[in-house]
Amino acid sequence: ENRMEKELEETPYELIPAITDRRFGYGFNVGFGSGTFTRTLADHFTPTFNVVYGFDIAFKNTILFLNATLAGNKVTSSFTEDELICPADIKTRVAILDISLGQTILDNAKHKLTPFMGFGILEFSAASGGEDFEDHRIVDYGLIYGVNYNFKFRKAIRLTPPPFFGNFREKAEHNIRARI
């Protein structure tokens, strides 16, 4: 009790504590989505239903996005790949890994807009179709680009320092993200 009274006497009273934004930040995301294909892939595959998860690492207004997408769809019309005929109605799995770099151009109390550009790897594998398709995969890679829009719906600030990680205050934002 004496120690606490002494700390309270020595600690200045602050009506609104000073909070400063740091240069570094991190985040993670989980979500659902849908994807459509272009060019010849659109002729042979249905749109996908996606489960997306990823990590963001920020330095000032520059953000590194690391994302993974797991999806499923079906073959709509037969095609040949590596001398293997893929008939219609086979269910497929789609996996996408991407790494991209974005620069925030708008960041206010409710909205954040970040165009990005990077590199992605796409893999198709059969989820049905028997033994002929067990080890068959279609893998491709290429540049990705787009924009992330975050709607900020909640902010939280921790004013008391954590017990083991030094004397810092923490700010957290909760967002709904749309990625095109």
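Residues numbered from 1 in each chain as written. Predicted model: local features only at pLDDT ≥ 70, side-chain atom pairs only at ≥ 80, totals over all residues. Heavy atoms only, no water.

K.L.:
For the overall build of the protein, give the residues involved together with the corresponding values.
P.N.:
Each helix and strand counted, the protein has 2 helices and 10 strands in total. Start at the N end of the protein and walk to the C end: the helices and strands fall as α-β-α-β-β-β-β-β-β-β-β-β. Counting all 180 residues of the protein, 23% fall into the buried class. Carbon and sulfur atoms form 59% of the exposed surface of the protein, whose accessible area is close to 13400 Å². (Helix = DSSP H or I, 4+ residues; strand = E, 2+ residues; numbered from the N terminus. Buried < 20%, exposed > 50% of the residue type's maximum accessible area, 1.4 Å probe, protein only. Areas by Shrake-Rupley, 256 points an atom, 1.4 Å probe, with all protein chains shown as cover.)

K.L.:
So what about the environment of Tyr149? Which residues, and what values?
P.N.:
Within the secondary structure layout, Tyr149 lies in strand 9 (residues 137-158). The sequence separation of Tyr149 and Leu106 amounts to 43 residues, and the corresponding C-alpha distance is 9.5 Å. Excluding its chain neighbours within four sequence positions, the residues that come into contact with Tyr149 are His111, Lys112, Leu113, Ile176, Arg177 and Ala178. Among the polar contacts made by the side chain of Tyr149, one reaches the side chain of His111 at a distance of 2.6 Å. (Contact = heavy atoms within 4.5 Å. Polar contact = N/O pair within 3.5 Å; in protein donor to acceptor, adjacent residues only side chain to side chain.)

K.L.:
Account for the pattern of salt bridges, naming residues and giving values.
P.N.:
Enumeration over the complete set of coordinates arrives at 7 salt bridges. One salt bridge connects Arg3 with Glu7, and the closest N-O pair in it is separated by 3.0 Å. You can see Arg3 and its partner Glu7 sitting in helix 1 (residues 2-10), 4 residues apart, about one turn around the helix. Taking relative accessible area as the criterion, Arg3 reaches 59% and is therefore assigned exposed. Judged by its relative accessible area of 40%, Glu7 is partly exposed. The shortest N-O distance in the salt bridge between Asp98 and Arg179 comes to 3.4 Å. Taken together, the residues Asp98 in strand 6 (residues 91-103) and Arg179 in strand 10 (residues 170-179) connect sequence positions 81 residues apart. (Salt bridge = Lys/Arg side-chain N within 4 Å of Asp/Glu carboxyl O.)

K.L.:
Go over the side chain of Thr48 with me, naming the residues and quoting the values.
P.N.:
You can see Thr48 is positioned in strand 2 (residues 48-59). Using a relative accessible area of 7% as the deciding quantity, one classes Thr48 as buried. Of note is the side chain of Thr48, whose polar atom sits 2.7 Å from the side chain of Asn50. When near neighbours in sequence (up to four residues on either side) are disregarded, Thr48 contacts Gly33, Ser34, Gly35, Phe37, Ala71, Gly72, Asn73 and Val94.

K.L.:
I'd like a rundown of the pairing of strand 8 (residues 111-126), residues and numbers included.
P.N.:
Along any regular strand the residues' side chains alternate between the sheet's two faces. Two strands pair when backbone bridges link them, and strand 6 and strand 8 are joined in this way by 11 bridges, in the antiparallel orientation. When the bridges of strand 8 are listed, Leu97 appears paired with Ile121. With 2 bridges connecting them, strand 7 (residues 106-107) and strand 8 associate as antiparallel partners. For Leu106, the partnering residue across the bridge sits in strand 8 and is Leu113. (Pairing = 2+ DSSP bridges.)

K.L.:
Let's hear about the side chain of Thr104: which residues, and what values?
P.N.:
Mapped onto the elements, Thr104 comes out in the loop between strand 6 and strand 7. We classify Thr104 as buried; its relative accessible area is 11%. A polar contact is formed between the side chain of Thr104 and the side chain of Thr114, at a distance of 3.2 Å. When residues no more than four places from it in sequence are discounted, the contact partners of Thr104 are Asn61, Ile63, Lys112, Leu113 and Thr114.

K.L.:
Kindly report on the packing of aromatic side chains, identifying the contributing residues and their values.
P.N.:
With the rule as written, the count across this model stands at 7 aromatic pairs. Centre to centre, the rings of Phe37 and Phe124 are 5.5 Å apart; their planes meet at 45 degrees, and the pair counts as tilted. In this pair, Phe37 is assigned in the loop between strand 1 (24-35) and helix 2 (39-44) and Phe124 in strand 8, connecting sequence segments 87 residues apart. The exposure class assigned to Phe124 is buried, which follows from its relative accessible area of 4%. With 5.9 Å between their ring centres and 40 degrees between their planes, Phe119 and Tyr141 make a pair best called tilted. (Phe/Tyr/Trp six-rings, centres within 6.5 Å; stacked < 30°, edge-to-face > 60°.)

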